[in-house]
Every structure is written in C-alpha cells, then in structure tokens.
Number of protein chains: 2
Amino acid sequence: MTYCIAVRLDDGLVFVSDTRTNAGVDNVGTYRKLHVFTPAPDRLFVLQSAGNLATTQEVLDRIRRDLVDPQVAENLATVDHLFEAALYVGAISQEVTKAHSGAFKTTRDATATFIVGGQVGDEAPDILLVYPEGNYIRASDDRPFLQIGETKYGKYMLEIGIHTGVDFVTGLKVVLSSMMSTSRSNVSVGPPYDIGIYETGSHQLEQFRVPPGSPALARLEHFWGDRLRDLMDQLPPISPADFAVDAN
Amino acid sequence: MTYCIAVRLDDGLVFVSDTRTNAGVDNVGTYRKLHVFTPAPDRLFVLQSAGNLATTQEVLDRIRRDLVDPQVAENLATVDHLFEAALYVGAISQEVTKAHSGAFKTTRDATATFIVGGQVGDEAPDILLVYPEGNYIRASDDRPFLQIGETKYGKYMLEIGIHTGVDFVTGLKVVLSSMMSTSRSNVSVGPPYDIGIYETGSHQLEQFRVPPGSPALARLEHFWGDRLRDLMDQLPPISPADFAVDAN
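Just so we're clear, the structure is a prediction, and the values are computed from it rather than from any experiment. (Residues numbered from 1 in each chain as written. Chains lettered and ligands numbered in written order. Predicted model: local features only at pLDDT ≥ 70, side-chain atom pairs only at ≥ 80, totals over all residues.)

A. Representation of the overall build of chain A within the structure. Per the secondary structure count, chain A includes five helices and twelve strands. Taken along its principal axes, the extent of the C-alpha atoms in chain A is 75 × 45 × 45 Å. Evaluated residue by residue, chain A yields a buried proportion of 48% over its 248 residues. Of the contacts formed within chain A by residues at least 6 apart in sequence, a portion of 66% connects residues at least 24 apart. (Helix = DSSP H or I, 4+ residues; strand = E, 2+ residues; numbered from the N terminus. Buried ≥ 20, exposed ≤ 12 C-beta atoms within 10 Å, placed from the backbone. Contact = placed C-beta atoms within 7 Å.)

This is the structure we're talking about:
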C-alpha cells in the first residue's frame, strides 16, 4: 500500500510520501511516489500517487511523453490553472485504467488516485485530489490537507495539528507524526519517506529523503512513541463517578 | 459504523464500545454494542458486536433464547471453555447470516463480527475475536488487545500503550485515547461509550457509560487533543541536513 499527505499552508505546500509497494507479502518493493514536474519556469507540479503501480507508472510516462510531443494539444506546460492539470492527469488515469481493465477481475483493481499540487504562474498554490474517476476535489479551508492510500491510521494527527496559520516547521512535524503512526500500525507503509517543501512563488521544490534506519528517524520515532505513551499516562484517571449516567 | 476494543491485562479485562449506528447519514442511532451474560455463578461473558445490526440483534436474541430452552444441548451456561463460547456465537452468527443472505446484494452485507471475552470457572480470562465465518482468534501475548469495526484510526495508541504489565488505570486511559482519536476522525463512531472492567476471578463486570456532552468527557477530549498538539510541536525540527541520503 501507500501513504501520501499534502498540506496547504499560508506560506506554501508540504508533501510527504512513503515508498513501500507490495504485490503480496513476498513481493515488497521501494518505489518513489512523489514526482516533480517543472515544464516551464512559471510553474511547478507535484504528483503523489496511490493505487495500481503499473497504472501510476504509465500515467507518469504519458505525462512526460506529452511534454515533448508537438502533436499534443494539452500538457502540463500548456494548462493555465492547477485544476486543469488535475483534470488532465485524471483523464490520462482514466485512459490507462480503461486500457487494462479488461484483464482485471474488477475495474477497481487497475485504478490509481493522485494528489496534484503546485503553482501555475501567479495563482495561489493549491493541492487537489484526483479520483480514479478523473474528477477532483480541493483541500478544504478548515482542514487544508489531503491524504491518499492508507489514510485512516494517521488522520487524527492531521485533524488536530493542521489548520490555518501553521508554519512550515510545525506542518512538517505534524505530517511526519502522522506518517510514523501509520508506518507503526501497518507494515505496508514505510520509509524511505520523500519530503517536498514548496514556498509560494518559488516555482521550485526543496526535496529530501528520510532513509530507513537513519539515526535521525530512529530518534524521531522514539521521541514520538515514548512521549505519546507518557501523555496517555498523564490523562486524568477515568472514574465511573465522573460520569453521571449509569450504563444499565 | 462501530468501534469496540477489548484488552487483556494481567489482572483482568477491559472493554470499551461506542454506541453509534448508521444506515445512511439520515438514519443514525444509538445502540448498545457491549452485552453481558452471566448464565451461571461461575462464568461471565462479554459480547461486543460490529457489522449488520439486525444480525447482531438476532444473534443476541437467539443466545438468550437458548439459555431458557430445555431442548437446547449447548448454550452459554453449558460450555466448558471460553473458546467453546466463541465457536457457539460464531455458529449462531453463521446461521443468522445465512438465513437472510438471499435478500442481500452480497453475502458480506449481512455479516457481523464479535469479540467474546470473559471467564469460565477457574480458566484464565481471555478475549477472542469471532469472524463472520464462525472461527476465532485470541489476542496475542505481545499485543493483548482486539478491535472490531473502525479499527485503523486508533490502532497506534493501542500499539504503543497496551503491553504486558499494564494495569487497569493505565489500560483504561489508553483505550479511551484510542476511542477519542477514532471518534474525532470518523463521525460514524461516537459516544456514549460503554465501559466494562472485569477483575480476574470476580465473575462480575463493573460497568459504566460515558455519555456525550458530559463535562468529564469534554475535559478528557481537550486534554488529549491539546497535549497531543503540544507534543507534535515539541518534536525536534526536521531538517534535510539530518538525513544523509539525498532524495534525487
């Protein structure tokens, strides 16, 4: 499986993707799920992918081919708005899924879900989730984050930690807390983690990778787990007397 | 949906169930999902249920009917071991599901999953998860907890907080942390929460209910959310320089 998070902050965007893929427990691999396109100086796109790995790879290959094919009317270099990029990715995703769906037991098996984030020209940067059906939604203003893949395990951290006014430093901590909690709960999500930080107007992505077994990651994981355990201990004792209504 | 947790501690068992059910967002209800049976002085059973509400109710009704039907060879009063109680519940669950499955689109729609916990005679207390297929598993020694329903949102808290040696006071805090995190992440899980505490050898369950809107619950939720947010802030800043390998 997969876990990708994108966050829209006041000053820009933060992306984190895990890299674990599996086709059965005897076929576990590491694949990049955070992809960057800068097809013109005035624009930057980040694509995060979840779902069928073959579909996501073919979608990326077609996007790249479209960028150098003079016959193609629309590509990431020509779109005028981020939502057009999302629709473009969604249309390719639909084409690829349909091309192979006959060989799958259910249509669902061949699908992929994407997050498309970035900035086109002077438009505000944004993040959009592209469904397998080819349509999209934006992140909401109240909860300016999107998740794809194994979204449930780490949702709570994002719910309470990501809101308007969060800066890059805090946003990145919250997102990594969510990723570490998911990785601990589900072996199909794991490091290396690819991190991208986008500052509004820069049209460039600062990227780095958190490798598995790195001392800094181990320190983070221990800090997070140990302190969370302490925090649960610090909760006031739960006593029946505190709750007026009887259970029976 | 539903979220139920059962934990096996050194001194006994802890059970927490939410009470929210929904058949579409326009039909949300409150139903008890933690049920207690004490069919003889030497035994106590706790049943927690998730899945099709009609199936769970008919299963409970059949269990009660079996207890007063002299024609019935096996019931919760006659079983010699907790695993036999689990198989008995599983067999009834299978019968009920099969009786109604013809009217459902898929067999899956009519199924239910149960946790059966408690103590029979002098046997060690235990908790077992009964699958819709009628078979069961115990909680493991390393992670002595079971979950049914919406299990993903609150798994991390149990993973790091529940282990051998945890006492009732701490166990209850961990379990409520998991429940509050789930409820915040998914509106299909919510209070009242039914809590049961079983002390080994007592053959009696201490029960109480945490009602929605109670000041004590609000205090717990705020403490948990606020402190967790603080904890994320306290994580050391995540800097690319800390991670040796470059992302590209």
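B. How the structure looks around the interface of chain B and chain A. Residue-level contacts link 47 residues of chain B with 47 residues of chain A. Taken together, the elements giving at least two residues each to the side of chain B that touches chain A come down to helix H3 (155-161), helix H4 (168-185), strand E12 (205-210) and helix H5 (215-234) of chain B. A total of eleven residues in the side of chain B that touches chain A trace back to one element, the largest contributor, which is H5(B). Tallied by class, residues from the side of chain B that touches chain A come to 26 nonpolar, nine polar and twelve charged. (Nonpolar A, V, L, I, M, F, W, Y, C, P; charged D, E, K, R; others polar.)

C. Focus on the relation of the copies chain B and chain A. Between chain B and chain A, which share one sequence, the superposing operator has a rotation angle of 180° and an axial displacement of 0.0 Å; the RMSD is 0.0 Å. Considering both components of the superposition, the chain copies are consistent with a two-fold axis. Looking at the rotation axis and the C-alpha trace of chain B, the residue lying nearest is Tyr153(B), at 2.2 Å. By residue overlap, the copies meet face to face through one surface: 100% of the interface positions of chain B are interface positions in chain A. (Least-squares fit on C-alpha atoms with pLDDT ≥ 70 in both.)

D. Examining the sheet that holds strand E6 (residues 43-51) of chain B more closely. Residues and elements named next belong to chain B. Spatially, the five strands line up as an open sheet ordered E5-E6-E7-E8-E9, and their pairing is antiparallel. Taken across any chain shown, the strands that pair with only one partner, and hence form the sheet edges, are strand E5 (34-40) and strand E9 (136-138). Across this sheet, the average inter-strand angle for adjacent strands is 25°, counted without regard to direction. By the bridge criterion, five bridges tie E5 to E6 in an arrangement that is antiparallel. The residue bridging Val 36 from the neighbouring strand is Val 46, located in E6. Packed on one face of the sheet, helix H2 (residues 82-101) meets E6, strand E7 (112-120), strand E8 (126-130) and E9 and runs near 155° to E7. (Pairing = 2+ DSSP bridges. Axes fitted to C-alpha atoms, helices over the stretch in contact; angles between N-to-C directions.)

E. Main features of the sheet that holds strand E10 (residues 145-149) of chain A. All names here are of chain A. Pairing is antiparallel in the open sheet, where five strands are placed in the order E10-E1-E2-E11-E12. If you trace the sheet from one side to the other, it starts and ends with E10 and strand E12 (205-210), each paired once. Each strand of the sheet is rotated relative to its neighbour by a mean of 10°, with strand direction disregarded. Relative to strand E11 (residues 193-199), strand E2 (residues 12-17) is paired through six bridges, and the arrangement is antiparallel. What sits directly across from Leu 13, in E11, is Tyr 198.

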